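# Structural features, examined
So you can see what is in the structure, the chains are spelled out below.
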Amino acid sequence: AQKVTQAQTEISVVEKEDVTLDCVYETRDTTYYLFWYKQPPSGELVFLIRRNSFDEQNEISGRYSWNFQKSTSSFNFTITASQVVDSAVYFCALSEDRGSQGNLIFGKGTKLSVKP
Amino acid sequence: DGGITQSPKYLFRKEGQNVTLSCEQNLNHDAMYWYRQDPGQGLRLIYYSQIVNDFQKGDIAEGYSVSREKKESFPLTVTSAQKNPTAFYLCASSQNGGIQETQYFGPGTRLLVL
């Protein structure tokens, strides 16, 4: 079973539309961290946000906002008034203590295409 | 400018050949990581190192080897034992490898088999 599920493989929107990218995670730990990264066509992963399991406050940064709900194990990402430059693959990731296996587990990503 | 550099950007491997991917960071981070990304897939951990002269296998270490002789450098060798090496390889680093830490990524190396 996947520990981080991004059910939307691809999303296509028209510029200025709002779009929400879903992320559902699975963990038995009480202390964990959640991340979102953006991968533009150039390939480099760009860090967007980190959230710890004890802080369920929603966060807003410009056109970006994140909704963390422990009750549904979800950490969704919304882009308001999307722009062509938002076109990228977006990854959600879970960081937990995995012992010797490293700690960051990625979802398979959602490819967002914003058309003019 | 602080950051992570990877070279080369593209690398071609012939059958039976070992190739080495370079990763250097000047962020003074202790922990470094190698991930493999296949089309339509998330990142999978190959190896990681939390300190010089020590490293651990990740989820898909078979066919790969690493060294960590310097804090700044974490080269990855793709050996001939790796039967399906064509992929995008990403190097990352974090302060000391704790679960709360953000990993920062390099620009990646795309490996193709001839």
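Preceding block: the structure.
Keep in mind the model is a prediction, meaning the values are calculated, not measured.

### Observations regarding the state of the cysteines
The tally for this structure, following the rule as stated, stands at two disulfides over all chains. Put simply, C23 of chain A and C92 of chain A are joined by a disulfide, and their sulfur atoms are 2.0 Å apart. The sign of the S-S torsion, about -65 degrees, decides the handedness of the disulfide formed by C23 of chain A and C92 of chain A: left-handed. Taken as a pair, C23 of chain A in the loop between β3 (19-21) and β4 (24-25) and C92 of chain A in strand β10 (residues 88-95) lie far apart in primary sequence, 69 residues in all. By the burial criterion, C23 of chain A is buried, and C92 of chain A matches it. Residue C23 of chain B pairs covalently with C91 of chain B via a disulfide, S to S 1.8 Å. Taking the torsion about the sulfur-sulfur bond, which here is approximately -75 degrees, the covalent link between C23 of chain B and C91 of chain B counts as left-handed. One end of the pair, C23 of chain B, is in strand β3 (residues 19-25); the other, C91 of chain B, is in strand β9 (residues 87-94), with 68 residues separating them in the sequence. Just as C23 of chain B is buried, C91 of chain B falls in that class too.

### Points about the pattern of salt bridges
Residue and element names in this part refer to chain A. Counted by the stated rule, this structure contains seven salt bridges over all chains. Here R63 makes a salt bridge to D86, at a shortest N to O gap of 2.8 Å. Of the two residues, R63 is situated in the loop between β7 (59-61) and β8 (64-69) and D86 in the loop between β9 (74-79) and β10; the sequence distance between them amounts to 23 residues. Take R63: its relative accessible area is 24%, and that puts it in the partly exposed class. What emerges from the salt-bridge pattern is a single network uniting R51, D55 and E59.

Cut-offs used in this document
- Residues numbered from 1 in each chain as written.
- Chains lettered and ligands numbered in written order.
- Predicted model: local features only at pLDDT ≥ 70, side-chain atom pairs only at ≥ 80, totals over all residues.
- Heavy atoms only, no water.
- Disulfide = S-S within 2.5 Å.
- Helix = DSSP H or I, 4+ residues; strand = E, 2+ residues; numbered from the N terminus.
- Buried < 20%, exposed > 50% of the residue type's maximum accessible area, 1.4 Å probe, protein only.
- Salt bridge = Lys/Arg side-chain N within 4 Å of Asp/Glu carboxyl O.

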